[in-house]
Every structure is written in structure tokens, then in C-alpha cells.
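Secondary and tertiary structure notes
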Amino acid sequence: MPGEVPWGIAPKIEIERLSKRFASGAGAVEALRGIDLVIRENEFVALVGASGCGKSTLLRIVAGLDAPSEGGVRLNGLPVSVPGKERAMVFQEYTLFPWLTVKENVRFSRGLKAHFNIHDSLAQTGWMVERMRALLDVMGLSHAADAYPNQLSGGMRQRVAIARALLSRPEVLLMDEPFGALDAQTREVMHDLTLHLFQLERPTILFVTHDVEEAIYLAQRVVVLAPRPGRIDSEFRVNLPRERHPDLKLSPEFIALKRDVLQRIRASSGMTTDRAALRRVAAGGEGARAKVNASTPPNRKLP
Ligand SMILES: Nc1ncnc2c1ncn2[C@@H]1O[C@H](COP(=O)(O)OP(=O)(O)OP(=O)(O)O)[C@@H](O)[C@H]1O
Ligand SMILES: [Mg+2]
């Protein structure tokens, strides 16, 4: 459970001097520069940072979906260059196949070559069917098992994508803002579910979120990325009680950690509330409205 970092345990994911540049029309974008990060087996690490600081890029490279420009990633001591069945990713955008039902979408990854093993496929069929049923149930999707994605709400679609990632019980879960589109209540249920699964199945989790509270509540370690170029700014160990409960978010320790992480995100991203700029926006609006009013005859409705 969060709160205890198993430092005695071997590294699971090793990210070394990793950089990524994208060539774009407007010139090259240095999405990541010199990232060094080790994630240990059964560790739950959250990545936070301002929009555009390279969180998704880093996750995609660990997933083997993108190649780094320099440096690299090792998984279980071996270099990563392509996706593999020991890793599953939940993407930031919904990624369901519109022509497949909920059930078929969840089952889909089992059909991928990278996930298919003829020796275990038969033995695991029963286990897989049972697990799928349980996952749909826990995700509140059983009643929609035969529906198509366009018949689901955004939150339901994302829950299907999460069930799909969990189906094959991956060693490593890469989650890119998986709960960003969910309402507050569903989000809390998903937090419980994630922590429960983490406790039961002990995957290694790399979890991207914009929500600092979510990061602290779920993870054992929070890593702050800074933008332009994307790089590691700071790391925070979450030393909170093992048992998570929503009331924990009200504890002084939780609030202090949240404040420290937020402060680092603000400072490293250079994002501040520019009150002078806001006043100019407001003044511009007022000025424009005053001009319209001046040129509008009395009692005439504006379109
Ligand atoms: N395929 C691409 N081609 C060109 N530039 C890209 C590409 N993918 C990402 N970038 C750029 O790399 C930088 C990092 O993008 P990335 O999507 O990883 O950020 P992020 O931290 O996930 O942002 P957000 O929090 O908004 O999801 C951005 O400047 C983005 O414009
Ligand atoms: Mg992203």
C-alpha cells in the first residue's frame, strides 16, 4: 500500500538519460531532456507537471509506442523498444474501437500478437472470462457489456479502457490521466478500486495526473516534471498511513504535502496568475462593451 516504498526490491523500470525531440513545422520541440528515473518492482509512482511537460511522451516511450532520441528505458533489466504483454497502457484519450462492443473491446488486447501466447491461451481462457466478468462488474459496466462505445458516456468509455488494460493482469500499468474525465464520485470509486488492485495484484504503476490530490492519495512517490524542456524538477515521498481513506485528504500532513507539490509545479512551470494581464483583459472587455453601448440606440436589444 502507499506509504511504504520497497527500496530493497529490484528496479522494474529504469529510465536513463532519456531525451525526446519532435521535429515539427514550427521547429524542433524538446519534449524531454535527460530524464533519469528508477521505478522499483511493485512501486506506485505518480507523474505530475504542467501541461506540455512531456508526461504522455514519457509514458508512451516506456510503453514502447515511441522511441527516445537519446538514452533509453529498461524493463526487468532488458531494453524496451516495442510494446510487450507485461505492460498495459490506459491512454489520455478514449481509445475504444467503435465497431466493437464493450465486452469485445475489453477482450481485444488478448488478440494482439504481442499479448498472444498459444500455450497459455487455452489454459487461461476460463480465468480470462471470469476476470472479464469481474472487471465489468466492478467497473459498473455489466449492464452495458453488449453496448457500443457511441452508446456510452465519456466516463463509461474510460472505464472500459481501464478494464481492458487490467484484463491480462499486466506487471506494469501505465496510466495517462485515466480518471481525468470522470465525475467526482466515480473518481473516488476508481481510486478505491486502483488501491485495492494494487494491494492484491502488486503491479508496478506509473500514473500521470494533473490532480495533485489524486497523486498523493494513490502513489508512494510523486515526481514533478518541469516543462520546456521536459525534465525532472523534484520528487516527493508520500509518508502517509498505509490505509487510505478520503478523510486522509483533510489531515495536516496531506495538506502540507499537497501545498509543497503544488508550489513546485507552479514554480517550475513559470505559471503564475498575472493580475496585471487579467486586469487588461477585463479592461478590454469593459472598453469594448462601453463602445457597443455608446453606438446602440436606447431600448434596442443587442443581437
Ligand atoms: N507527435 C508529436 N509531434 C510533435 N510534438 C509533439 C508530439 N507529441 C508531443 N509533442 C510535444 O511535446 C511536448 C510534450 O507533450 P506531451 O503530450 O507529452 O505533454 P503532457 O505533459 O502529456 O501534456 P498534457 O498534460 O497537456 O497532457 C509538447 O510541447 C507537445 O506539443
Ligand atoms: Mg498528456
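Quantities reported herein were computed from a predicted structural model and do not represent experimental measurements.

**Concerning the overall build of the chain**
Tallying secondary structure elements over the chain gives 8 helices and 10 strands in all. Within the chain, contacts between residues separated by at least 24 positions form 74% of all contacts whose residues are at least 6 apart in sequence.

**Notes on the sheet that holds strand β6 (residues 87-90)**
Judged by pairing direction, the sheet is mixed, and its 6 strands sit side by side in the order β6-β7-β8-β3-β9-β10 without closing on themselves. Looking along the sheet, the strands with just one partner apiece sit at the ends: β6 and β10 (231-237). The mean angle between the axes of side-by-side strands here comes to 15°, regardless of whether they run parallel or antiparallel. As defined by bridge partners, strand β3 (residues 44-49) adjoins strand β9 (residues 221-226) across 5 bridges and the pair is classed as parallel. Considered in β9, the bridge of V48 is made with V224.

**A look at the site of ligand 1**
Around ligand 1, a shell composed of 13 residues is seen, among which F22, A31, S51, S56 and T57 lie nearest. Only β1 (11-24), β2 (27-40) and α1 (55-63) provide two or more residues apiece to the shell around ligand 1. The dominant element in the shell around ligand 1, judged by the number of residues it contributes, is α1, at 3 residues. Classifying every residue of the shell around ligand 1 gives 4 nonpolar, 8 polar and 1 charged.

**Some thoughts on the sheet that holds β2**
The sheet built from 4 strands is open, its strands ordered β2-β1-β4-β5 with antiparallel pairing. Among the strands making up the open sheet, the edge pair consists of β2 and β5 (78-79). Sheet analysis places β1 next to strand β4 (residues 70-75), joined by 5 bridges and oriented antiparallel. The residue bridging E14 from the neighbouring strand is R74, located in β4.

**Comments concerning unusual backbone geometry**
The amide bond that connects R228 to the next residue, P229, takes the cis arrangement and shows omega of -5°. Here P229 shows up in the loop between β9 and β10. Phi angles above zero are rare outside glycine, and N76 is one such case at about 50°. Inspection of the secondary structure assignment puts N76 in the loop between β4 and β5. Classification of N76 by C-beta neighbours within 10 Å gives partly exposed; the count is 15.

**Details of the nonpolar core**
V45, L47, V62, L206, F207, A219 and V222 are the most contacted members of the largest nonpolar core, which totals 66 residues. Per-element accounting of this core gives the leading share, 7 residues, to helix α4 (residues 154-167).

What counts as what
Just so you know, the residues in each chain are numbered from 1, in the order the chain's sequence is written. Written order decides the labels, with chains lettered from A and ligands numbered from 1. In keeping with the model being predicted, local features are shown solely for residues with a pLDDT of at least 70 and side-chain atom pairs are shown and tallied solely at 80 or more, while totals for entire chains, interfaces and linings include all residues. Only runs of H or I of at least four residues qualify as helices and only runs of E of at least two qualify as strands under DSSP, and these elements are numbered from the N terminus. Two residues qualify as a contact pair if the distance between their C-beta atoms, derived from the backbone, is within 7 Å. Pairing between strands is defined by DSSP: at least two bridges between the two strands are required. Axis lines are fitted through C-alpha atoms, for helices just across the contact stretch, and the angle between N-to-C directions can take any value from 0 to 180 degrees. Near, for a residue, is defined by distance from a backbone-placed C-beta atom to a molecule or strand, with 6 Å as the limit that must not be exceeded. Put simply, Ala, Val, Leu, Ile, Met, Phe, Trp, Tyr, Cys and Pro go in the nonpolar bin, Asp, Glu, Lys and Arg in the charged bin, and everything else, Gly too, in the polar bin. To assign burial, the other C-beta atoms lying within 10 Å of each residue's own C-beta are counted, with C-beta atoms placed from the backbone; 20 or more indicates buried, 12 or fewer indicates exposed, and intermediate counts indicate partly exposed. Note on definitions: a nonpolar core is a set of buried residues drawn from Ala, Val, Leu, Ile, Met, Phe, Trp, Tyr and Cys, linked by C-beta atoms within 7 Å.

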